[in-house]
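If you want the building blocks of each chain, they are given just below.
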Amino acid sequence: MMAASAGLAAAAPLAVAQEGNTAKPAPQPGTPPDHERRMKWWHEAKFGMFIHWGLYSVIGRHEWAMEVEGIPIPQYELLAKHFDPKPNAARDWARLAKQAGQKYVVLTTKHHEGFCNFDTTLTDYCAPKQAAGRDLVREFVEAARAEGLRVGFYYSLMDWHHPDGARCATDEAARQRFVTYTHGLIRELMTNYGKIDVLWYDVDWPLTPEQWESQKMNDMVFQLQPDIIVNNRNGLPGDFSTPEQEIRAADKGRAWETCMTLNESWGFHKADDNWKTPKTIVNNLITCARGGGNYLLNIGPKPDGSIPQESIEILQAVGKWTSQNGAAVYGTERNNFEWHVYANFTQRGNTAYAHVTNWPGDTPAEQWLTFYQPPSVISLGGWRTKVKSVRLLVGDKPLTFTQDDLSLRITGLPATAPDEPATVIAIECEGEPAMSHEYVRKTRPRFKVVLS
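Please read these numbers as outputs of a predicted model, since none were measured by experiment.

Basis of the calculations
- Residues numbered from 1 in each chain as written.
- Predicted model: local features only at pLDDT ≥ 70, side-chain atom pairs only at ≥ 80, totals over all residues.
- Heavy atoms only, no water.
- Pairing = 2+ DSSP bridges.
- Helix = DSSP H or I, 4+ residues; strand = E, 2+ residues; numbered from the N terminus.
- Contact = heavy atoms within 4.5 Å.
- Axes fitted to C-alpha atoms, helices over the stretch in contact; angles between N-to-C directions.
- Phe/Tyr/Trp six-rings, centres within 6.5 Å; stacked < 30°, edge-to-face > 60°.
- Buried < 20%, exposed > 50% of the residue type's maximum accessible area, 1.4 Å probe, protein only.
- Lys NZ or Arg CZ within 6 Å of the ring centre and 35° of its normal.

**Q** Sorry, what's going on with the sheet that holds strand β6 (residues 257–260) here?
**A** Paired through backbone hydrogen bonds, the strands of a sheet run either parallel or antiparallel to each other. With parallel pairing, the seven strands of this open sheet are ordered in space as β5-β4-β3-β2-β1-β7-β6. In the strand order of this sheet, the two ends are held by β5 (229–230) and β6, each with one partner. With two bridges joining them, strand β4 (residues 198–202) and β5 adopt parallel strand pairing. Note on β5: the bridge partner recorded for V198 is I229. Contacting β2 (104–110), β3 (150–156) and β4, helix α8 (residues 172–191) crosses the sheet at an angle of about 170° to β3.

See the structure below:
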């Protein structure tokens, strides 16, 4: 499901059918060993920050500018002489991530452009040996740890700058050189920065997993970082799948994480003003949690490392919501709920959380049709599990409810939403919560078609 609008996201099912939670399936074949232990914190976290930052930030015209504009390498290399960010910009990133309720941060250590934000002995095309004169990845790691955040490294296998980056596909000597170079950079990243929590590979063009020697690559990574988790973009299954710019749940038993931009660009793009609203972001987070996945939301800092003001304002608004409603997101599990026209759902055990993103309020017809006076503000049709209690999550306020064979009706609510961009109602049940539209459709009493 494309995550383009909060309303559509709330009213549409996940892209794959959701199954029940009764059994814990075995990991997918090819998943690295000790998967469940290593992934525990990640499943609890739900929400992370992605950071795309490199030489493309200096241009400010999208992270793919080098390729889509056909910029010659000697010309593009000059950007390294002008990429000199302010000291400790990463401190602001980490503080904003924590404020937004994000639990881990993933930085582009090397994007497709081939420039390394970290210190390396393998190339001079890196931040410490160019204008910045320092290790930007180390600053990032220290900043994230200072805020208690988990640390992730993005690494692009594709390289537009390295002389063997394309010819490796047809020249075996070039392939061996390029693979040795790639494994060497990854080894440095896994060795020089202490404990790393996530390795986020990207774009394995132009080689196959066998040509990348991806299994050898992963074996090295796990030898150096036994607790790390890795994604699936070096051609192997890894620990989790990575749908991009859409919310698409993997099959049950497979971990997944949707990565998404705040506007339409990963890197800084000064002309891109198509910003998602806090309501869309919050509902996307809920939808990911509903499907048992995580939400990795991107910022694209400016060349000096400062964060675009629009990103700051959106994430601060999201953080205001997560600070009060985090219990309905963090550590929740994949659930079996069907769509609803104004609510989205997460679940933990026998408690369901109805995230009312489009508060229904008063029915306009009440003002002039005396015979149409609905007894509730929130009605959840087809609720199949006996409910023990209902409460507003914020303030822990008990709510009055009635339940029959057709619906759960929650009464005594105000005409306007108590919370924005989503009001969370906690519904404690006697068993695993379940809701079925089909049950209503099939069993609702039907009468003779006649007008009174």
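Read on, since the account is not over.
**Q** Sorry if this is basic, but what is going on with the pairing of strand β13 (residues 400–403) here?
**A** Strand residues, when the strand is regular, have side chains that alternate between the two faces of the sheet. Summarising the sheet, β13 and strand β14 (residues 407–411) pair through four bridges and their orientation is antiparallel. Each residue of the ladder has a partner; that of Q403, found in β14, is L408. The loop that links β13 with its antiparallel partner β14 comprises three residues.

**Q** Would you mind showing me how to read the packing of aromatic side chains here?
**A** What characterises a pair of aromatic rings is the spacing of the ring centres plus the angle enclosed by the ring planes. Inspection of every chain in the model, using the stated rule, returns 18 aromatic pairs. Considering the side-chain rings of W64 and W160, the 5.1 Å spacing of their centres and the 70° angle between planes classify their relative orientation as edge-to-face. With W64 in the loop between α3 (56–59) and α4 (65–68) and W160 in the loop between β3 and α8, this residue pair connects regions lying 96 residues apart in the sequence. A ring pair is formed by F153 and Y193, whose centres lie 5.7 Å apart and whose planes are at 90°; its orientation type is edge-to-face. Placement of F153 in strand β3 and of Y193 in the loop between α8 and β4 is noted, with a sequence separation of 40 residues between them. There is no split in this pair, since F153 and Y193 are both buried. Within the aromatic cluster, the residues linked to one another by ring pairs are W53, F83, W93, F115 and Y125. One residue, K103, lies across the ring of Y330, its end atom 4.4 Å from the ring centre. The cationic tip of R384 hangs over the ring face of Y439; the distance from NZ or CZ to the ring centre is 3.5 Å.

**Q** So what exactly am I meant to see when it comes to the environment of C168 here?
**A** With respect to the secondary-structure elements, C168 resides in the loop between β3 and α8. Sequence-wise, C168 and V179 are eleven residues apart; in three dimensions their C-alpha atoms are separated by 8.7 Å.

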